[in-house]
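Architecture at a glance
Read off the chains here:
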Protein chains: 2
Amino acid sequence: MKLYDYLPSGNSYKVRLLMSYLGLAYEHIDLDIHKGETHSDDFKAKNPAGQIPLLELSDGRCLAESNAIIFFLAEGTPYWPTSAFDQAKALQWMFFEQYKHEPAIAVARFIRIYAIDSRSAELEKLTPRGYAALDVMETHLADHLWFVGPGPTVADIALYAYTHVAGEGGFDLSKYPNILTWLDRVSDHPKHIRITDRPD
Amino acid sequence: MKLYDYLPSGNSYKVRLLMSYLGLAYEHIDLDIHKGETHSDDFKAKNPAGQIPLLELSDGRCLAESNAIIFFLAEGTPYWPTSAFDQAKALQWMFFEQYKHEPAIAVARFIRIYAIDSRSAELEKLTPRGYAALDVMETHLADHLWFVGPGPTVADIALYAYTHVAGEGGFDLSKYPNILTWLDRVSDHPKHIRITDRPD
């Protein structure tokens, strides 16, 4: 398998983290999104949406969208629930992540870490939206150790990716004690890697 | 089952359409999003995110996020693919729908049909984003009858919901012949219902 990737991307990190949990070997291909490398004709032939992460299987078939990729890799492992309802609950949280959480928290982080002045006005709207997503997580974690079921699943991996770097987007997590202990719970996994850890 | 719903919502329509395909009976509970009925304490106890559609099972368990709900209802039916890769491809398109398509096309439609003047400036950004999503669909449909596999799946249902009313968001579909024939293909289903059809 090949993973087309950009190291600071939380969406790509979801895939790297699950690959580490599962001990899967893969070829890591770094693309520089700032140099337009995801918009080359070669890459767009693999993913018309021009985005990383992209997983290429050994037979050449390609899969895009971080949460679809981790679903594919997790099926049949402990990281994908077994009951239909819990599977749907995991997807509920993953759609929440892509609709409410990532477009606020990841985008605010992107604008801040690359100091994109032309987009700094967006932060005024992104900040309350990001806190609203964090509020929903904090409420859920008040009486749950994990997002779905008794252990970590793809839902935790999807939500961990940008929550643990929310500070880089200007979000103050000190008001979220349940989220902070859950972040520690996730990073205590014996196969944990950091977002900055370059795969071998 | 109970479906908490708002008739003009494309996200809710996905659930109604699949329920019709599958011949499932359910209680339909209409909430008025403009009167804040999705933000009442009673409703937020069922869905902390305060959104429709929400599916309540007979045992009281609740499921949110339109695409997670249709996954749950479709599992084990012809509308959810059987191979792991095709399942992941269906989810790829459903995450594309919630990340690239709905936030542009559904939001532009919402601003236009309710004539929300305070948000009309957003249309300048939403319009090119919506057309970019339609371009990706048009390219895929150039050599595919359906989004995944040989027949309609949850991916088609998810993308049909707001594409068939994209005109209400100011999008001109006449430049998208592949999308237009696919829309006809979807609506030719013998159990098709319209977004305006109130469930019995």
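Residues numbered from 1 in each chain as written. Chains lettered and ligands numbered in written order. Predicted model: local features only at pLDDT ≥ 70, side-chain atom pairs only at ≥ 80, totals over all residues. Heavy atoms only, no water.

With respect to the packing of aromatic side chains
Residues and elements named next belong to chain B. Following the criterion strictly, the structure yields 27 aromatic pairs over all chains and no others. Measuring from ring centre to ring centre gives 4.9 Å for F71 and W80, while their planes differ by 85 degrees; the resulting arrangement is edge-to-face. Here W80 falls in the buried class, since its relative accessible area comes to 6%. When the centroid spacing of 6.3 Å and the interplanar angle of 70 degrees are considered together, the rings of Y160 and W182 count as edge-to-face. Of this pair, Y160 sits in helix α6 (residues 154–163) while W182 sits in helix α7 (residues 177–187); the two residues are 22 residues apart in sequence, bridging distant segments of the chain. (Phe/Tyr/Trp six-rings, centres within 6.5 Å; stacked < 30°, edge-to-face > 60°. Buried < 20%, exposed > 50% of the residue type's maximum accessible area, 1.4 Å probe, protein only. Helix = DSSP H or I, 4+ residues; strand = E, 2+ residues; numbered from the N terminus.)

Thoughts on helix α3 (residues 66–74) of chain A
Residues and elements named next belong to chain A. Of all nine residues that make up α3, nine are buried, and the element is covered over most of its length. Restricting attention to buried positions, one finds in α3 the residues S66, N67, A68, I69, I70, F71, F72, L73 and A74. Looking one or two residues past α3, G76 carries a phi angle of roughly 80 degrees, positive in sign.

Description of the sheet that holds strand β1 (residues 2–5) of chain B
Residue and element names in this part refer to chain B. With mixed pairing, four strands are arranged side by side in an open sheet as β2-β1-β3-β4. Bordering the open sheet on either side are β2 (27–30) and β4 (62–64), each of which pairs with just one other strand. Ignoring which end each strand starts from, the neighbouring axes of this sheet average 20 degrees apart. Bridge count between strand β3 (residues 54–56) and β4: three bridges; the pairing is antiparallel. In the sheet register, L55 faces β4, and the bridge partner there is L63. Relative to β1, helix α1 (residues 10–22) is tilted by about 145 degrees, and along the sheet it contacts β1, β2 and β3. (Pairing = 2+ DSSP bridges. Axes fitted to C-alpha atoms, helices over the stretch in contact; angles between N-to-C directions. Contact = heavy atoms within 4.5 Å.)

Quick notes on the pattern of salt bridges
Taken as a whole, this structure holds 18 salt bridges over all chains when the rule is applied. Within the structure, one salt-bridge network assembled from shared partners comprises R119 and E122 of chain A together with K125 of chain B. (Salt bridge = Lys/Arg side-chain N within 4 Å of Asp/Glu carboxyl O.)

As for the domain arrangement of chain A
Frequently, the measure chosen for interface size is the accessible area removed from exposure when the parts meet. Residue and element names in this part refer to chain A. Considered domain by domain, chain A is made up of domain 1 (2–74) and domain 2 (84–187). On a C-alpha basis, the centroid separation for the pair domain 1 and domain 2 is 21 Å. Taken together, the contact between domain 1 and domain 2 spans 18 residues of the former and 15 residues of the latter. Together, the buried faces of domain 1 and domain 2 total about 1300 Å²; carbon and sulfur atoms form 64% of this surface. The tally of links between domain 1 and domain 2 comes to one salt bridge. One salt bridge connects K14 with E97, and the closest N-O pair in it is separated by 2.9 Å. Inspection of the region where domain 1 meets domain 2 yields nine residue pairs in polar contact (both at pLDDT 80 or more). Only α1 (10–22) and α3 provide two or more residues apiece to the side of domain 1 that touches domain 2. Top element by residues in the side of domain 1 that touches domain 2 is α1. It accounts for seven residues. Looking at the side of domain 1 that touches domain 2 residue by residue, the classes come out as ten nonpolar, six polar and two charged. (Domains from an automatic or database assignment. Buried area = accessible area lost by both parts, 1.4 Å probe. Polar contact = N/O pair within 3.5 Å; in protein donor to acceptor, adjacent residues only side chain to side chain. Nonpolar A, V, L, I, M, F, W, Y, C, P; charged D, E, K, R; others polar.)

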